[in-house]
Amino acid sequence: MSDAADRLNEIKTKITNAAARAHRKADDICLIAVSKTHDAAAIRPLIAAGQRHFGENRVQEAAAKWPELRAETPDIKLHLIGQLQSNKADEAVAMFDAIHSVDRSSLVQALAKACDKAGRQPQLFVQVNIGDEEQKGGCKVADLPALLAEAKAAGLKIEGLMAIPPADIEPAPFFALLDELAERHALTGRSMGMSGDYETAVMLGATHVRVGTALFGTRD
Ligand SMILES: *Cc1c(COP(=O)(O)O)cnc(C)c1O
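Overview of the structure. Bear in mind the structure is a predicted one, so any value in this text is a computation, not a measurement.

1. Structural notes on helix α5 (residues 105-118)
Thinking step 1. Relative to the 20 Å expected for 14 residues at 1.5 Å per residue, α5 spans 20 Å between its end C-alpha atoms, a close match to the ideal helical length.
Thinking step 2. Restricting attention to buried positions, one finds in α5 the residues Leu 107, Val 108, Ala 110, Leu 111, Ala 112, Ala 114 and Cys 115.
Thinking step 3. Contact partners of the buried residues in α5: α4 (89-95), β4 (98-102), β5 (123-129) and α6 (144-153).
Thinking step 4. A positive backbone phi angle near 70 degrees is found at Gly 119, which sits one or two residues after α5.

2. Re the site of the ligand
Thinking step 1. Near the ligand, the surroundings consist of Val 34, Lys 36, Ile 81, Met 162, Ile 164, Met 194, Ser 195, Arg 210, Val 211, Gly 212, Thr 213 and Arg 219.
Thinking step 2. A distance of 2.8 Å separates an oxygen atom of the ligand from a polar atom in the backbone of Gly 212.
Thinking step 3. Notes on the ligand: free accessible area 390 Å², of which the protein chains cover 88%.
Thinking step 4. A class-by-class count of the residues in the shell around the ligand yields 6 nonpolar, 3 polar and 3 charged.

3. Section: the nonpolar core
Thinking step 1. Within the largest apolar cluster, 64 residues are counted, with the highest numbers of intra-cluster contacts made by Phe 54 and Leu 111.
Thinking step 2. Beyond its immediate sequence surroundings of up to four residues, Phe 54 is in contact with Ile 32, Ala 33, Ser 35, Ile 43, Leu 46, Ile 47, Trp 66, Ile 76, Lys 77, Leu 78, His 79 and Phe 216.

4. Quick look at the side chain of His 208
Thinking step 1. Tracing the backbone through its elements, the reader meets His 208 in strand β9 (residues 208-211).
Thinking step 2. Of the polar contacts made by the side chain of His 208, one reaches the side chain of Thr 207; its length is 2.8 Å.
Thinking step 3. Beyond its immediate sequence surroundings of up to four residues, His 208 is in contact with Cys 30, Ile 32, His 79, His 100, Gln 123, Phe 125, Arg 190, Ser 191 and Met 192.

5. What to know about unusual backbone geometry
Thinking step 1. Positive phi, normally seen in glycine, also occurs at His 23, with a value near 55 degrees.
Thinking step 2. Assignment of secondary structure puts His 23 in the loop between α1 (3-21) and β1 (30-34).
Thinking step 3. Classification of His 23 as exposed rests on a relative accessible area of 76%.
Thinking step 4. Notably, Ala 186 is not glycine yet its phi reads approximately 55 degrees, a positive angle.

6. Comments concerning the packing of aromatic side chains
Within a pair of aromatic rings, the relevant descriptors are the distance that separates the centres and the angle that separates the planes.
Thinking step 1. Overall, the coordinates contain 1 aromatic pair when judged by the stated rule.
Thinking step 2. Aromatic side chains Phe 54 and Trp 66 sit 4.9 Å apart centroid to centroid with 45 degrees between the ring planes, which places their arrangement in the tilted category. Here the residue Phe 54 occupies a position in strand β2 (residues 53-56), and Trp 66 occupies one in helix α3 (residues 59-72), the gap between them amounting to 12 residues.

7. Some details on the packing of α5 against α6
Thinking step 1. For the pair α5 and α6, interaxial distance at closest approach is 10 Å and the crossing angle is 15 degrees. Taken together, α5 and α6 sit at an angle that is classed as roughly parallel. The element α5 and its partner α6 pack so that their crossing is right-handed. Note on element contacts: α6 touches α5 through Leu 147, Glu 150 and Ala 151, opposite Ser 105, Val 108 and Gln 109.
Thinking step 2. The residue inventory of the contact of α5 with α6, partitioned by class, reads 3 nonpolar, 2 polar and 1 charged.

The rules behind each value
- Residues numbered from 1 in each chain as written.
- Predicted model: local features only at pLDDT ≥ 70, side-chain atom pairs only at ≥ 80, totals over all residues.
- Heavy atoms only, no water.
- Helix = DSSP H or I, 4+ residues; strand = E, 2+ residues; numbered from the N terminus.
- Expected span 1.5 Å × (residues − 1).
- Buried < 20%, exposed > 50% of the residue type's maximum accessible area, 1.4 Å probe, protein only.
- Contact = heavy atoms within 4.5 Å.
- Near = heavy atom within 4 Å.
- Polar contact = N/O pair within 3.5 Å; in protein donor to acceptor, adjacent residues only side chain to side chain.
- Areas by Shrake-Rupley, 256 points an atom, 1.4 Å probe, with all protein chains shown as cover.
- Nonpolar A, V, L, I, M, F, W, Y, C, P; charged D, E, K, R; others polar.
- Core = buried A, V, L, I, M, F, W, Y, C linked by side-chain atoms within 4.5 Å.
- Phe/Tyr/Trp six-rings, centres within 6.5 Å; stacked < 30°, edge-to-face > 60°.
- Axes fitted to C-alpha atoms, helices over the stretch in contact; angles between N-to-C directions.
- Parallel < 35°, antiparallel > 145°, perpendicular 65-115°, else oblique.
- Left-handed = near helix turned anticlockwise from the far one by under 90°.

Here it is in structure tokens:
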């Protein structure tokens, strides 16, 4: 078995164990393999090992890499986890099965238009700046109700919330807060947890974990 397949199995086992500790079903957690910066040769072993959900943070990079891989394996699901410029909304709606970075009014409007035109809507997550950090992407916690209302008025169905907690602090309270915000707004999706903290996130309700380094090794 390749290294990638070993790492995949190890992470799946950890997710299963974390889910069991929280009396949750492992099937309710989607593992997104974050393949940004990694080429097709690095990705193929994971596809061969059965992985189907992949995450990219840039539309351009995904457009260069994935058409060929998808032609080989049509049931692959692609998740956009990075910032999205409004002028790339059409391209993102055409290419991605899920967009985790809906974070502002102008993007809600651009996505509504793009989905209308395309006749399809990817799963959408509103990214929340859960630690209220100055430079960080995501909508402010205080602005979340208004953004969700605007998305609804624009005809978009929001699946859930996404967050990246502040670095170098215990992430659990931020995962708990995202879970509470999702609950408050009756949203089922919680996209939270990365290589260093996905088990904690699973125990606190994550439905989607985004794991890069632990699967692929470090990025250049
Ligand atoms: C890169 C990235 C990840 C994966 O991070 P790792 O620490 O490599 O697992 C997850 N989420 C987002 C939004 C990212 O940009």
